[in-house]
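Structural features, examined
Below, each chain spelled out in residue letters.
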Amino acid sequence: MYTPPAFREDDPQALQAMMEGAGLATLVTATAEGLMATPLPLLFDPDEGPHGTLYGHLARANLQWRTPALGEAMVLFPGADAYVSPGWYAAKREHGKVVPTWNYAAVHAYGTATFFEDADRLLALVTRLTNHHEAGRAEAWKVDDAPEAFIAAQLRGIVGLRLEISRIEGKRKMSQNRGAEDRAGVTEGLRREGGEQALAVAGQIPV
């Protein structure tokens, strides 16, 4: 990922927060048959490996897990993003030499993807994944709320994914290359525009 120094995010805790906040990631592998990609939720275990390890699952019918990868896999974690109008810059009023851009955050994680079919490991994985996303709900659903035989049948339809991260890239492009007045204008413009993404980006622009 092309990342100028001003936009580079190297802090491990910030990278973890960005990955955990993404919700849905995309697993990408290069194969002899071309690129293959699967959107999927993932769990991040920071204590496995030098950069942590990702866990998730794919449908057994998904050919991506059966197709040998050429080199490492890549996992894309999108963050908040928003269009930035040049009309928000103070520089527009000063000299007019401004153009539109896009502010965004993203993490790219790389590593060898391995897959597993063991029923006990799969049950432990879907239980962790479910507990993670059900946490805080008034009536949290648990895996064992469903009949055991039903869950066993569902597990036969998936395969587990484990990817120990070998390297990781983080980028947070949030107008750091603009002056203070331009950044203030972008923040104000995004807040005025509203919407979840615009407000999330506005909150990440340095003051």
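A quick note: this is a predicted structure, and the numbers were derived from the prediction, not measured. (Residues numbered from 1 in each chain as written. Predicted model: local features only at pLDDT ≥ 70, side-chain atom pairs only at ≥ 80, totals over all residues. Heavy atoms only, no water.)

A separate point is the overall build of the protein chain. Helix and strand counts for the protein chain stand at six helices and nine strands. With 207 residues in all, the protein chain has 41% of them scored as buried. Across the protein chain, every contact between residues at least 6 apart in sequence was considered, and the portion connecting residues at least 24 apart equals 74%. Roughly 11,600 Å² of accessible area belongs to the protein chain as shown, and the carbon and sulfur atoms make up 54% of that amount. (Helix = DSSP H or I, 4+ residues; strand = E, 2+ residues; numbered from the N terminus. Buried < 20%, exposed > 50% of the residue type's maximum accessible area, 1.4 Å probe, protein only. Contact = heavy atoms within 4.5 Å. Areas by Shrake-Rupley, 256 points an atom, 1.4 Å probe, with all protein chains shown as cover.)

Attention now moves to the sheet that holds strand β5 (residues 73–84). The five strands are arranged β2-β1-β5-β6-β9 in an open sheet whose pairing can be described as antiparallel. Two strands close off the open sheet at either side, each with one partner strand: β2 (34–40) and β9 (167–173). The mean angle between the axes of side-by-side strands here comes to 20°, regardless of whether they run parallel or antiparallel. Direction of pairing for β5 relative to strand β6 (residues 101–111): antiparallel, over a ladder of ten bridges. Its bridge partner lying in β6, aspartate 81 is registered against tyrosine 104. Running at roughly 80° to β9, helix α1 (residues 12–21) makes contact with β5, β6 and β9 of the sheet. (Pairing = 2+ DSSP bridges. Axes fitted to C-alpha atoms, helices over the stretch in contact; angles between N-to-C directions.)

With antiparallel pairing, four strands are arranged side by side in an open sheet as β3-β4-β8-β7. A single partner strand is all that each edge strand has here, and the edge strands are β3 (43–45) and β7 (113–116). Strand-to-strand twist of the sheet, defined as the mean angle between neighbouring strand axes without regard to direction, takes the value 30°. In the sheet, β7 pairs with strand β8 (residues 158–164) via four bridges, with the strands oriented antiparallel. By the bridge assignment for β8, phenylalanine 116 is matched with glycine 160.

In terms of nonpolar packing, the biggest core is built from 36 residues, with Leu27, Leu42, Leu54, Val75, Phe77 and Leu190 touching the most fellow members. Here this core takes six residues from β5, the largest share from any one element. Setting aside residues up to four positions removed in sequence, leucine 27 forms contacts with Met36, Ala37, Thr38, Leu40, Leu58, Gln64, Ala73, Met74, Val75, Leu161 and Leu163. Counting residues in hydrophobic clusters, the runner-up holds twelve residues, among them Ala146, Ile151, Leu155 and Ile158. (Core = buried A, V, L, I, M, F, W, Y, C linked by side-chain atoms within 4.5 Å.)

Turning to the pattern of salt bridges, a few remarks are in order. Scanning all chains against the criterion turns up ten salt bridges. Close ionic contact of glutamate 9 with arginine 172 constitutes a salt bridge, the shortest N to O distance being 3.3 Å. Linking glutamate 9 in the segment before α1 with arginine 172 in strand β9, this pair joins segments that are 163 residues apart in sequence. Like arginine 172, glutamate 9 is buried. Residue arginine 192 pairs with glutamate 188 through a salt bridge whose shortest N-O separation is 3.3 Å. Of this pair, arginine 192 and glutamate 188 are both found in helix α5 (residues 180–193), four residues apart, which corresponds to roughly one turn of the helix. (Salt bridge = Lys/Arg side-chain N within 4 Å of Asp/Glu carboxyl O.)

Interpretation in functional terms is not warranted from these geometric data alone.
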